[in-house]
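# Summary of the model geometry
Here's the letter readout for the chains.
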Amino acid sequence: MKRLLPALLAAGVLVACGSESPTTPTACLQGNGAYLRAVKDAPQSAELEPGVPISACLVPDQPSSQLGTVGSAVVAAATALNAEAARDPDGRAATQLGYLVGAVEEGASGTAGIHTDLVRRINSAARFSENDQGLGAEFERTYGAGYAAARAAG
């Protein structure tokens, strides 16, 4: 019995450690409106709520349901910002869009590749253009400022 007790305790510790799954902050699961509000002052630092930057929404080994919710929200936000930026390529929406994409890429950079598809999807939504010429130099400049700010913010 003396030998069995330490083994059972060790097994219990392993089960307890293995049962902890990564948690996506609740603020990240609130839909695309939360992301649009977060980037409204970009290139200033953007948080979904105090202490929760957009990059914190992508966690290692993120459960697929949470990843799907975050992914749908950020792609929808990027799509809305892209439409607005297409109308005004050097306006606020292009900066906000760059910040959103930069923050998602920053968050995905430390997650061992599980967010690769999301990064591709948000980049496609951000760069969509109805013509072969793309969104133009003005867009690239303002988008780049937002993107760089997000990557620097971490």
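Right, let's walk through the structure included here. Treat the numbers as computed from the prediction; the structure is a model and nothing was measured.

## Here we look at the overall build of the chain
From N to C terminus, the chain includes six helices and two strands. Moving toward the C terminus, one meets the helices and strands of the chain in the order α-α-β-β-α-α-α-α. Sorting the 154 residues of the chain into buried and exposed places 38% on the buried side. Put simply, 72% of the contacts in the chain that link residues at least 6 apart link residues at least 24 apart. When the accessible surface of the chain is split by element, carbon and sulfur atoms take 56% of a total near 8400 Å².

## Structural notes on the environment of Asp-61
Assignment of secondary structure puts Asp-61 in the loop between β2 (52–53) and α3 (64–87). A relative accessible area of 59% means that Asp-61 is categorised as exposed. In this structure, the C-alpha to C-alpha distance between Asp-61 and Ala-112, residues 51 residues apart in sequence, is 8.4 Å. Once residues lying within four places of it in the same chain are set aside, the contact partners of Asp-61 are Pro-22 and Ile-114.

## Considerations on the pattern of salt bridges
Opposite charge on two side chains permits them to pair, given that their charged atoms come into close proximity. Counted according to the given criterion, the structure contains four salt bridges. For Asp-41, the salt bridge identified is with Lys-40, shortest N-O distance 3.1 Å. Using a relative accessible area of 46% as the deciding quantity, one classes Lys-40 as partly exposed. A salt bridge links Glu-106 to Arg-151, with the nearest nitrogen and oxygen atoms 2.8 Å apart. Of this pair, Glu-106 sits in helix α4 (residues 92–108) while Arg-151 sits in helix α6 (residues 137–153), and the two are 45 residues apart along the sequence. With relative accessibility at 23%, the residue Glu-106 sits in the partly exposed group. Judged by relative accessible area, which is 30%, Arg-151 ranks as partly exposed. Overlapping salt bridges bring together Glu-105, Glu-106 and Arg-151 as one network.

## Considerations on the packing of α3 against helix α5 (residues 116–127)
α5 packs onto α3 with a crossing angle of 15 degrees between their chain directions and a minimal axis gap of 7 Å. Comparing their axes, α5 and α3 come out roughly parallel. In terms of crossing hand, the pair formed by α3 and α5 is right-handed. Within the contact between the two elements, α3 uses Leu-67, Gly-71, Ser-72, Val-74, Val-75, Ala-78, Thr-79 and Asn-82 and α5 uses Leu-118, Arg-121, Ile-122, Ala-125, Ala-126 and Arg-127.

## A closer look at unusual backbone geometry
Cis rather than trans, the peptide bond between Ala-42 and Pro-43 has omega equal to 20 degrees. Inspection of the secondary structure assignment puts Pro-43 in the loop between α2 (32–38) and β1 (47–49). Of note, Asp-61 is a non-glycine position whose phi angle comes to about 55 degrees, a positive value.

## Some words on the packing of aromatic side chains
Scanning the model with the defined rule gives two aromatic pairs in all. Aromatic side chains Tyr-143 and Tyr-147 sit 6.4 Å apart centroid to centroid with 15 degrees between the ring planes, which places their arrangement in the stacked category. Of this pair, Tyr-143 and Tyr-147 both sit in helix α6, four residues apart, which is roughly one turn of that helix. Given the relative accessible area of 3%, Tyr-143 is considered buried. Tyr-147 sits in the partly exposed class, given a relative accessible area of 25%. These aromatic residues form a ring-pair network of at least three members: Phe-139, Tyr-143 and Tyr-147.

Conventions adopted
- Residues numbered from 1 in each chain as written.
- Predicted model: local features only at pLDDT ≥ 70, side-chain atom pairs only at ≥ 80, totals over all residues.
- Heavy atoms only, no water.
- Helix = DSSP H or I, 4+ residues; strand = E, 2+ residues; numbered from the N terminus.
- Buried < 20%, exposed > 50% of the residue type's maximum accessible area, 1.4 Å probe, protein only.
- Contact = heavy atoms within 4.5 Å.
- Areas by Shrake-Rupley, 256 points an atom, 1.4 Å probe, with all protein chains shown as cover.
- Salt bridge = Lys/Arg side-chain N within 4 Å of Asp/Glu carboxyl O.
- Axes fitted to C-alpha atoms, helices over the stretch in contact; angles between N-to-C directions.
- Parallel < 35°, antiparallel > 145°, perpendicular 65-115°, else oblique.
- Left-handed = near helix turned anticlockwise from the far one by under 90°.
- Phe/Tyr/Trp six-rings, centres within 6.5 Å; stacked < 30°, edge-to-face > 60°.

Geometry only, nothing functional implied.
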